Amino acid sequence: MFQCRMCAENPFLQLFGGPPVKDKEGQRKKATKAPTKKPASRRNEAEFQPRNDDEIDQLVKQWEQYAHPRAREFFATPQTLREVLMQLAKGIDRNDDPVLGPEKTDVYWYGDVTKDDLQAAIRMVKPGETEESVTYVNRVLAFIFATDESFEQLMRLPKEPFKMDCGDQLCVNLAHISMAV
């Protein structure tokens, strides 16, 4: 597992969090928080137009060109990175692009969301782990595509989903990720 020469702990744990908490029977369990009010989203699920396989492949090829070297180093193989990018493309409307699309446009997530606080999420097996875990989409996008400077600022924030400047936590436009706590 990668260890930064300057850090005492694995820096990727700051991005993706630690391993899932297990209950007595060994089942994965999300760490519990105090109940929160479910945020409203302007997303309209009835308007969702999924991409077909060719459109997903084309978008992933575009995104791969912009993936930061830290993402290429983190994922064990180019195929593993590609699988994560495909999962992201499947959760976004065919007319939207959170990476290369317009900065002012909300890009809504139509994939999995967390139960408690309705955050955009994907399931993935992190390198060095054997079990699938839930990871926030906006953190994955920032990890894969953000510049070094932006990424360093984001890593100083709590290990929670990033706040979105547009106020909608189901928006996953990379340009809407807030540097605020």
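Residues numbered from 1 in each chain as written. Predicted model: local features only at pLDDT ≥ 70, side-chain atom pairs only at ≥ 80, totals over all residues. Heavy atoms only, no water.

Peer 1: Outline helix H5 (residues 137-145), listing residues and values.
Peer 2: Of all the nine residues making up H5, nine are buried; the element is thus mostly covered by neighbouring parts of the structure. Every buried residue belonging to H5 is among Val 137, Asn 138, Arg 139, Val 140, Leu 141, Ala 142, Phe 143, Ile 144 and Phe 145, and all of these are buried. (Buried < 20%, exposed > 50% of the residue type's maximum accessible area, 1.4 Å probe, protein only. Helix = DSSP H or I, 4+ residues; strand = E, 2+ residues; numbered from the N terminus.)

Peer 1: Provide a residue-level description of the packing of helix H2 (residues 53-66) against helix H4 (residues 78-90), including the pertinent values.
Peer 2: H4 packs onto H2 with a crossing angle of 125 degrees between their chain directions and a minimal axis gap of 9 Å. Relative to H4, H2 is oriented oblique. Pair H2 / H4 crosses with right-handed handedness. On H4, the residues that touch Ile 56, Asp 57, Leu 59, Val 60, Lys 61, Trp 63 and Glu 64 of H2 are Arg 82, Leu 85, Met 86, Leu 88, Ala 89 and Lys 90. When its residues are assigned to classes, the contact of H2 with H4 shows eight nonpolar, no polar and five charged. (Axes fitted to C-alpha atoms, helices over the stretch in contact; angles between N-to-C directions. Parallel < 35°, antiparallel > 145°, perpendicular 65-115°, else oblique. Left-handed = near helix turned anticlockwise from the far one by under 90°. Contact = heavy atoms within 4.5 Å. Nonpolar A, V, L, I, M, F, W, Y, C, P; charged D, E, K, R; others polar.)

Peer 1: A description of the state of the cysteines should follow, citing residues and the corresponding values.
Peer 2: Evaluation of the coordinates by the stated rule reveals zero disulfides. In this structure Cys 171 is not part of a disulfide, and its nearest cysteine sulfur, from Cys 166, lies 3.8 Å away. (Disulfide = S-S within 2.5 Å.)

Peer 1: A description of the pattern of salt bridges should follow, citing residues and the corresponding values.
Peer 2: Enumeration over the complete set of coordinates arrives at eight salt bridges. Residues Glu 55 and Arg 94 are paired through a salt bridge, measuring 2.7 Å at the closest nitrogen-oxygen approach. Taken together, the residues Glu 55 in helix H2 and Arg 94 in the loop between H4 and strand E3 (121-125) connect sequence positions 39 residues apart. Given the relative accessible area of 33%, Arg 94 is considered partly exposed. The partner of Arg 123 in a salt bridge is Asp 112, and the shortest N-O contact between them spans 3.9 Å. Of this pair, Arg 123 sits in strand E3 while Asp 112 sits in the loop between H4 and E3, and the two are eleven residues apart along the sequence. Since its relative accessible area comes to 38%, Arg 123 is described here as partly exposed. (Salt bridge = Lys/Arg side-chain N within 4 Å of Asp/Glu carboxyl O.)

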